[in-house]
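Each chain, written out:
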Amino acid sequence: MSMVFRFRMLSDENDNFVRDFEIAADSTLLDLHDFIIAMLGYDPCMASFFTANDRWEPTEEYSSLDMGEDAGSGDSNAPKLMETTHLESILTHLHDRLIYLFDPFNQRAYYMELIEAKEPQEGMKYPRVQFEHSPAPDQYDPEASEMSGSIFEEMMGEYSDFEGDDGYDDEY
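Just so it is clear, the model here is predicted, and its values are computed rather than measured.

Draft legend 1. Highlighting the pairing of strand β7 (residues 108–118). Pairing of strand β1 (residues 4–11) with β7 involves eight bridges; the strand directions are antiparallel. Directly across from Leu 10, in β7, lies its bridge partner Tyr 111. Taking the residues that link successive antiparallel strands as the turn, the strand β6 (residues 97–103)-β7 hairpin has four residues, and the phi of Gln 107 there is positive, at about 55°.

Below, the structure is given as structure tokens:
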């Protein structure tokens with residue numbers, strides 16, 4: 001194992017949801033897919049990864065299913081396969097981004113950013129979850145999220161106790 005990538009994964013369905021995890025850079029996207037499914041407790045599913053630009057716009061698709069397109073057909077829009085694509089071949093800079101589309105029918109996804117590349121720690125087993133906050137959105141029901149709001153509001157909530165208690169006019 002040459003390097004370890006650390007990712008931060010977020011959801012647009014639950015602003016409280018955060019996962020930081022580490023995985024070997026020479027792992028395939030299929031390895032990452034299998035790890036995410038296990039980490040979130042999801043059932044196996046059809047999914048795709050997309051590389052994304054700095055505005056989270058998808059640029060290249062990598063599918064878990066062989067769509068039957070011939071890679072040599074010249075169609076540059078044909079999805080590549082997760083099982084043959086290694087993370088280190090598509091993520092070459094810190095802050096490179098991936099979109100993990102786990103529910104293609106409802107366009108539900110997770111958003112991942114490469115936040116660190118480092119040497120593996122001796123005795124550490126990869127992939128591994130490094131940090132987690134809030135339950136994952138339900139795999140099948142986007143409305144079943146246990147929490148709403150945002151982690152910022154939760155962390156800063158104690159400061160709102162002071163609003164209006166100072167006797168000063170807060171409007172300028």
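Draft legend 2. View of unusual backbone geometry. Omega for the peptide link from Tyr 126 to Pro 127 comes to 0°, which places this bond in the cis form. In this fold, Pro 127 is placed in the loop between β7 and β8 (128–133). The backbone of His 95 sits at a positive phi, close to 75°, despite the residue not being glycine. Its place among the elements puts His 95 in the loop between α2 (87–90) and β6. Positive phi, close to 75°, is recorded for Ser 134, a residue that is not glycine. Among the residues examined, Ser 134 registers a relative accessible area of 14% and is labelled buried.

Draft legend 3. Expanded view of helix α1 (residues 29–40). In a regular helix each residue adds 1.5 Å, so 12 residues correspond to 16 Å; α1 covers 16 Å between its end C-alpha atoms and thus fits that length. Residues of α1 that are buried include every one of Leu 29, Leu 32, His 33, Phe 35, Ile 36, Ile 37, Met 39 and Leu 40, and no others. Phi for Gly 41, located one or two positions after α1, is positive at around 75°.

Draft legend 4. The arrangement of the packing of aromatic side chains in detail. One pass over the full model with this rule turns up nine aromatic pairs. Their ring planes at 25° and their centres at 5.5 Å tell us that Phe 7 and Phe 21 sit as a pair that is stacked. Taken together, the positions of Phe 7 in strand β1 and Phe 21 in strand β2 (residues 18–24) put the pair 14 residues apart, joining distant regions of the chain. Comparing Phe 7 with Phe 21, the two get one shared label, buried. Cluster of aromatic residues (ring-pair linked, three or more members): Phe 5, Phe 7, Phe 21 and Phe 35.

What counts, and where the lines are drawn
- Residues numbered from 1 in each chain as written.
- Predicted model: local features only at pLDDT ≥ 70, side-chain atom pairs only at ≥ 80, totals over all residues.
- Heavy atoms only, no water.
- Pairing = 2+ DSSP bridges.
- Helix = DSSP H or I, 4+ residues; strand = E, 2+ residues; numbered from the N terminus.
- Buried < 20%, exposed > 50% of the residue type's maximum accessible area, 1.4 Å probe, protein only.
- Expected span 1.5 Å × (residues − 1).
- Phe/Tyr/Trp six-rings, centres within 6.5 Å; stacked < 30°, edge-to-face > 60°.

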